[in-house]
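# Fold and contact review
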Amino acid sequence: MPDLLLELFSEEIPARMQAKAADDLRRLVTDKLVAEGLVYEGAKAFATPRRLALTVHGIPARQPDLKTERRGPKLGAPDAAVQGFLKATGLKSLDEAKIQRDPKGDFYIGLIEKPGRDAIDVLAEILPVIIRTFPWPKSMRWGARSGKPGSLNWVRPLHAITATFGLETEEPDVVKFSVDGIETGQTTYGHRFLAPAPIQVRRFEDYEAKLLNAKVVLDPERRKDAILTDAKQLAFAQGFELVEDQNLLDEVAGLVEWPVVLMGSFEPEFLATPGEVIRATIRNNQKCFVVSDPNTGKLANKFILVANIEASDGGATIIAGNERVIRARLSDAKFFYETDLKTKLEERLPKFEQIVFHEKLGTQAARIKRIERLAAEIAPLVGADVAKTTRAARLAKTDLLTEVVGEFPEVQGLMGKYYALAQGEDASVAAACEEHYKPQGPADRVPTDPVSVAVALADKIDTLVGFWAIDEKPTGSKDPYALRRAALGVIRLILENQIRLNLWKVIQTFVVTLLEDHEIKSVASPIEFAPVLLAFFADRLKVQLREQGARHDLVDAVFALGGQDDLLMIVRRVEALGKFLDTDDGKNLLAGTKRASNILAIEEKKDKRSFDGAPDAALYGLTEEKALAKAIDEVKAEAGAAVAKEDFAAAMSAMAKLRPPVDAFFDKVRVNDDDAKVRENRLKLLNEIRSATRAVADFSKIQD
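The paragraphs below set out a description of the structure included in this document. (Residues numbered from 1 in each chain as written. Predicted model: local features only at pLDDT ≥ 70, side-chain atom pairs only at ≥ 80, totals over all residues. Heavy atoms only, no water.)

## Some words on the pairing of strand 14 (residues 260–265)
Where a strand is regular, its side chains alternate between the two sheet faces. Extensive coverage of strand 14 is indicated by the burial of five of its six residues. In this sheet, strand 16 (residues 299–307) lies alongside strand 14 in antiparallel orientation, the contact comprising six bridges. The partner of glycine 264 across the bridge, within strand 16, is phenylalanine 303. (Buried < 20%, exposed > 50% of the residue type's maximum accessible area, 1.4 Å probe, protein only. Helix = DSSP H or I, 4+ residues; strand = E, 2+ residues; numbered from the N terminus. Pairing = 2+ DSSP bridges.)

## Observations regarding the pattern of salt bridges
Applying the stated criterion across every chain yields a total of 58 salt bridges. Arginine 690 is the salt-bridge partner of glutamate 604, the closest N and O atoms lying 3.4 Å from each other. Here arginine 690 lies in helix 24 (residues 676–693) and glutamate 604 lies in helix 20 (residues 584–607), a separation of 86 residues in the sequence. A residue is classified by how much of its surface remains accessible, and glutamate 604, at 18% relative accessible area, is buried. Take arginine 690: its relative accessible area is 24%, and that puts it in the partly exposed class. We note a salt bridge from glutamate 625 to arginine 682, for which the minimum N-O separation is 2.9 Å. You can see glutamate 625 sitting in helix 21 (residues 623–644) and its partner arginine 682 sitting in helix 24, a full 57 residues away along the chain. A single network of salt bridges, built from pairs that share partners, joins Arg367, Arg370, Lys397, Asp459 and Asp462. (Salt bridge = Lys/Arg side-chain N within 4 Å of Asp/Glu carboxyl O.)

## Focus: the nonpolar core
Formed by 120 residues in total, the largest nonpolar core has its most connected members in Leu464, Leu577 and Leu686. Considering each element in turn, this core owes the most residues, 13 residues, to helix 14 (residues 450–469). Excluding residues that lie within four positions of it along the chain, leucine 686 makes contacts with Ala596, Ile599, Leu600, Phe665, Phe666 and Val671. (Core = buried A, V, L, I, M, F, W, Y, C linked by side-chain atoms within 4.5 Å. Contact = heavy atoms within 4.5 Å.)

## Quick word on the environment of glutamine 286
Positionally, glutamine 286 belongs in helix 7 (residues 275–286). Setting aside chain neighbours within four positions, we find glutamine 286 in contact with Thr281, Asn322, Val325 and Ile326. A distance of 2.9 Å separates polar atoms of two side chains, one belonging to glutamine 286 and the other to asparagine 322. (Polar contact = N/O pair within 3.5 Å; in protein donor to acceptor, adjacent residues only side chain to side chain.)

## Details of the packing of aromatic side chains
This model, assessed by the stated rule, comprises twelve aromatic pairs. Relative to tyrosine 189, the ring of phenylalanine 9 lies with its centre 5.3 Å away and its plane at 35°, an arrangement referred to as tilted. Of the two residues, phenylalanine 9 is situated in strand 1 (residues 3–10) and tyrosine 189 in strand 11 (residues 187–189); the sequence distance between them amounts to 180 residues. Overall, the relative accessible area of 29% leaves tyrosine 189 in the partly exposed class. Following the ring pairs from residue to residue traces out a cluster consisting of Phe46, Phe204 and Tyr207. A cation over a ring is seen here: arginine 367 above phenylalanine 357, with NZ or CZ 4.5 Å from the ring centre. (Phe/Tyr/Trp six-rings, centres within 6.5 Å; stacked < 30°, edge-to-face > 60°. Lys NZ or Arg CZ within 6 Å of the ring centre and 35° of its normal.)

As structure tokens, then:
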């Protein structure tokens, strides 16, 4: 079957837009092909700085013929309805229609045959529409045509469109169409400087090969591999080790079509600046990689750049230009760092009085005071030194006012640690200055130092309580203040550090602190929003557990017990319940408990009452009733004691003892006895089964 080659050749496409643009092109074209009945075999899209390319192979040469039936009017309908039916179906007379028998009457049925079109004609129709409506995040118009209505918007000026379609064994045809005066053809262009001459292409295979000969590596993954391999080898050859950076690699691969890796250097005295600042300076300003000394792990005074040209002087001029810019940038960074060191962190605190954190949540200074107070409350609960925690909470945000963080916001926290160590702060205090922001995502590291944990919890819970107080909760897909991330951060801090924390009590403490802060303009009642915030944590924990592979029904079964705010104990209970239900005892007890619940539900609905209350032992007439009642009493006591000791495995083992008497009860006992009192007593006994299992979970929430 024929293949499609499409290339959109333009001026430089921003690197950050290329991957999505390639994916959008593939999706838009293939979705439209399928909608037109042209089911293809495979498709792949590519992007370089100056082109988007797409190959779709295995496209049928022609659309399938379509036959559809259209229901018309009833027999004997008015002539106007008949004529409208004939016109819509293309029939010449009613003699060409079928008659369909129906209980509501007999109807005319018209068979409409729509012959398929050649695929190349369909492509000529859909491709210009896709190009004109392409979803660039930013686009522009250019040239003399830009002032005309309906002129093309594209990310950068579009120069040429290559579009061919045909069998591998034949000369392909050009898909004929034009967009804003640009006619399709078979002409593309290689590297802007190394091979600027026009290139005639036929199909994807020779297109890719000819571009490679013209110094263009079409596949971005191939460019990344080449850059990474060459950079590692160049660094190794000089006795260094490349500091890998995937995001930078992705960006640089979008800046070059023919990557050439080179190494430059800078003065050793700049290494007195923290390595992260050096890396941020070189990365942000020149898109270059840094290297380290494998013996010390520290940065070396070298950098690796990726050029887009094979220079006649071996790259000497390119290297010199980059060195000149990097030298100036590092000089600025060194000045900022040395200037920052002259001011103690605590001396920066008064400036926060003039900085508003949020118009309804007061100044940053007020927030720091809240975090300081609340971190001190949390410190004993996580085993942290209160004095160190208080000190860390007071200093944690101060690096936001430094020159380096002002220039490179991505090193906030980290610079706080460096400045704290430089002024002689305790190591735990310095670590907390960096780590209190963590974890910022599912892949981010979780702090383990107790001081860092206390400050991180205080920071995140203050944010959550504060925004709940002013009724700025996340809604749907919108979460402008990253409150979901903050809640997940709290959860990970608690779980991964095995912290026993009464979350409800902590939230209440924060609420009291907020109410005492006169800068807060609360619009929500603490009585109302505190339980809602706790439920928000529960929902985030459910998401976390499900993503880790826990069964959602087990999570719901544990949460259904209500009043649970010790996240660590909830997780342990879910884990124990899952292991129990993997055993035969667990599966059979679940079946018996569900059977009891189903019978109760039916009878409670029928009698319009519940069957609470203790059964009357005097009404037990069968051995199985007595045995079940005795087992329930024993299991309740044993499981309750185990839960009180937080030994959930033992609680599950106790639950397992219910299985034999429950099985025997349903095998020998008729619940709906003719004697109304006996029936009621047996239903109360079933309710006892349900009540006993609720010591560990709500079994009604568990799926079979």
